[in-house]
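Here are the chains, one letter per residue:
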Amino acid sequence: MADLLEWRRHWKPDLKAAKWAPCRYKEKTLLVKSHFADETYQIMVYDGLRMWQEQCDKEQFQQRTKTLNPNIEAPLGTLLHHLQDSVSEENMSYSICKLTQKEDAVTIHMATQLEGALPFTWQFHLKEALHEESAEHLTTPLMSMVAELLRRQKELFRILKRKDAEIDDYKASGAKVSRKHLETTPFDDKIFINNMNESKEFGVLVDPNQSTSAFQEPGQDLYRQIKMRDAFNNAQLIQEDSDEEYEDDFSGVGDAPTAPSGPSWRKRLPPSLVEAAQTGTNQSPDRVSPKKSPRMSSPGSSTQDTEMMRRQALEKKLAEEQTKLKAKKKKKKLF
């Protein structure tokens, strides 16, 4: 839990974690989610059958602003903030003035007002989203929401049965309810589920036009919590993979060869002797004493060479791992 709280402090929500908000347009109910940055925005719209999306960068936004609002000069951030406010759950139903669809594209026309009652029009040019994106932003989170609600229902049933056992214990001790209308019957989960299935409210929610009620405030919060936990789980998996890769890279450091693969620098002949060997000449007798044996390398030189190579290999591995970790941290900050 401590890791989750610490990660959450540094987490920056993106479009995946943005909540779906119901929006009424004529007789249609749309689901809309958006994410605005300093110079860009992303928006997704679900019409009950297909999902549409648009990603607008700085240049596209400025060009479209000049085309649709040639008489308006305002900072980019101001216009983006106004547009973000226009697509909020409270305002979007009133901002949409027209919606057109042509094959695999949808255009949403919006008419709003800047400060001072200055008209500002905008058009979202959306294209059909990929099936993978539809699953990532809607289908899979909805399945997780259902699973989580069932888990919570099971936990509530367990708590209610414990409460009933507590009340029975009070009654066995002679306690009585002071007001008759507060007395309840023991909870039965099967009876409760049957009553819910037969209720009128259940029939209303089955209507496709009412299905977007799943994204009212409690549903929106649950959706956001699920996407946040999903992002945390993915971050944990990335960290675990990084740790395993780190261990694998260092697992072979201790298995370095005990002897150098090539001749040691200390055992190589000096240039003068190499030149003499190549020319076929020998050193003068007065420069070599027959009583002295050739100088041999000390017994510990091979061990020192091996230790030096192991140290160099370890230092190289550590430097490479530090570079990899820094690169991965930079990549994580992008998501």
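All values reported here derive from a predicted model rather than from experimental measurement.

Draft legend 1. Just the overall build of the protein, in detail. Helices and strands together make up the secondary structure of the protein, namely 10 helices and 7 strands. Here the protein holds 335 residues, and 24% of them are scored as buried. At a minimum sequence separation of 6, the contacts of the protein that also span at least 24 residues come to 60%. Counting only carbon and sulfur atoms, one obtains 54% of the accessible surface of the protein, whose full area is about 25200 Å².

Draft legend 2. Just the packing of aromatic side chains, in detail. Scanning all chains against the criterion turns up 9 aromatic pairs. Between Phe215 and Tyr223, the ring centres sit 5.8 Å apart and the planes meet at 75°, which makes this aromatic pair edge-to-face. Three or more aromatic residues joined by ring pairs make a cluster, and in this case those are Phe36, Tyr41, Phe61, Phe120, Trp122 and Phe124.

Draft legend 3. Geometry of the sheet that holds strand β3 (residues 41–46). Spatial strand order, β1-β2-β3-β4-β7-β6-β5: 7 strands in an open sheet with antiparallel pairing. Across the chains shown, the open sheet's two edge strands, defined by having one partner strand only, are β1 (21–25) and β5 (96–102). This sheet shows a mean twist of 30° between the axes of neighbouring strands, independent of strand direction. For strand β4 (residues 51–56) and strand β7 (residues 118–128), the ladder comprises 2 bridges, and the chain directions are antiparallel. Bridged to Trp52 within β7 is Glu128. Where helix α2 (residues 58–68) meets the sheet, its contacts fall on β3, β4 and β7, and the angle it forms with β7 comes to roughly 130°. Contacts from helix α3 (residues 76–86) reach β2 (28–36), β3, β6 (105–114) and β7, with the element oriented near 110° to β6.

Draft legend 4. Focus on the nonpolar core. Of all hydrophobic cores here, the largest spans 27 residues; its most connected members are Tyr41, Phe61, Leu83, Ile108 and Phe124. Of all the elements in the fold, those that place two or more residues in this core are β1, β2, β3, β4, α3, β6 and β7. Setting aside residues no more than four positions away along its own chain, Phe61 makes contact with Tyr41, Cys56, Leu76, Leu79, Leu80, Leu83 and Trp122. Counting 13 residues, the second largest nonpolar core, distinct from the first, contains Leu15, Met51, Ala129 and Leu222.

Draft legend 5. Fine view of the packing of helix α5 (residues 131–172) against helix α6 (residues 189–197). Running from N to C, α5 and α6 cross one another at 130°; their axes reach a closest spacing of 11 Å. By the angle between their axes, α5 is oblique relative to α6. Along the contact surface, α5 presents Gln153, Phe157 and Lys161, while α6 presents Asp189, Phe192 and Ile193.

Draft legend 6. Structural detail: α2. Among all positions of α2, only Phe61, Arg64 and Thr65 are buried. In an axial view of α2, the angular spread of the buried residues amounts to 105°, which keeps them on one side of the axis. Away from its buried face, by an angle of more than 90 degrees, α2 presents the exposed residues Glu59, Gln63, Lys66 and Thr67. Next to the buried residues of α2 lie β3, β4, α3 and β7. Its side-chain oxygen placed 3.4 Å from the backbone nitrogen of Glu59, Asp57 serves as the N-cap of α2.

Draft legend 7. Main features of the packing of α2 against α3. Orientation of α2 relative to α3, taken along the N-to-C sense of each, is 85°, at an axis distance of 12 Å. Here α3 runs roughly perpendicular to α2, going by the angle between their axes. Of the residues in α3, those in contact with Lys58, Phe61, Gln62 and Thr65 of α2 are Leu76, Leu79, Leu80 and Leu83. Classifying every residue of the contact of α2 with α3 gives 5 nonpolar, 2 polar and 1 charged.

Draft legend 8. Spotlight on the side chain of Ser88. On the secondary structure map, Ser88 appears in the loop between α3 and α4 (92–95). Here Asp85 takes part through its backbone oxygen, which lies 2.8 Å from a polar atom of the side chain of Ser88.

Draft legend 9. Spotlight on the pattern of salt bridges. Following the criterion strictly, the structure yields 10 salt bridges and no others. A salt bridge links Glu183 to Lys180; the shortest N-O distance between them is 3.3 Å. On the basis of relative accessibility, which here comes to 36%, the residue Glu183 falls in the partly exposed class. Connected through shared salt-bridge partners, Glu148, Arg151 and Arg152 make up one network.

Definitions and cut-offs
- Residues numbered from 1 in each chain as written.
- Predicted model: local features only at pLDDT ≥ 70, side-chain atom pairs only at ≥ 80, totals over all residues.
- Heavy atoms only, no water.
- Helix = DSSP H or I, 4+ residues; strand = E, 2+ residues; numbered from the N terminus.
- Buried < 20%, exposed > 50% of the residue type's maximum accessible area, 1.4 Å probe, protein only.
- Contact = heavy atoms within 4.5 Å.
- Areas by Shrake-Rupley, 256 points an atom, 1.4 Å probe, with all protein chains shown as cover.
- Phe/Tyr/Trp six-rings, centres within 6.5 Å; stacked < 30°, edge-to-face > 60°.
- Pairing = 2+ DSSP bridges.
- Axes fitted to C-alpha atoms, helices over the stretch in contact; angles between N-to-C directions.
- Core = buried A, V, L, I, M, F, W, Y, C linked by side-chain atoms within 4.5 Å.
- Parallel < 35°, antiparallel > 145°, perpendicular 65-115°, else oblique.
- Arc of directions from axis to C-beta.
- Polar contact = N/O pair within 3.5 Å; in protein donor to acceptor, adjacent residues only side chain to side chain.
- Nonpolar A, V, L, I, M, F, W, Y, C, P; charged D, E, K, R; others polar.
- Salt bridge = Lys/Arg side-chain N within 4 Å of Asp/Glu carboxyl O.

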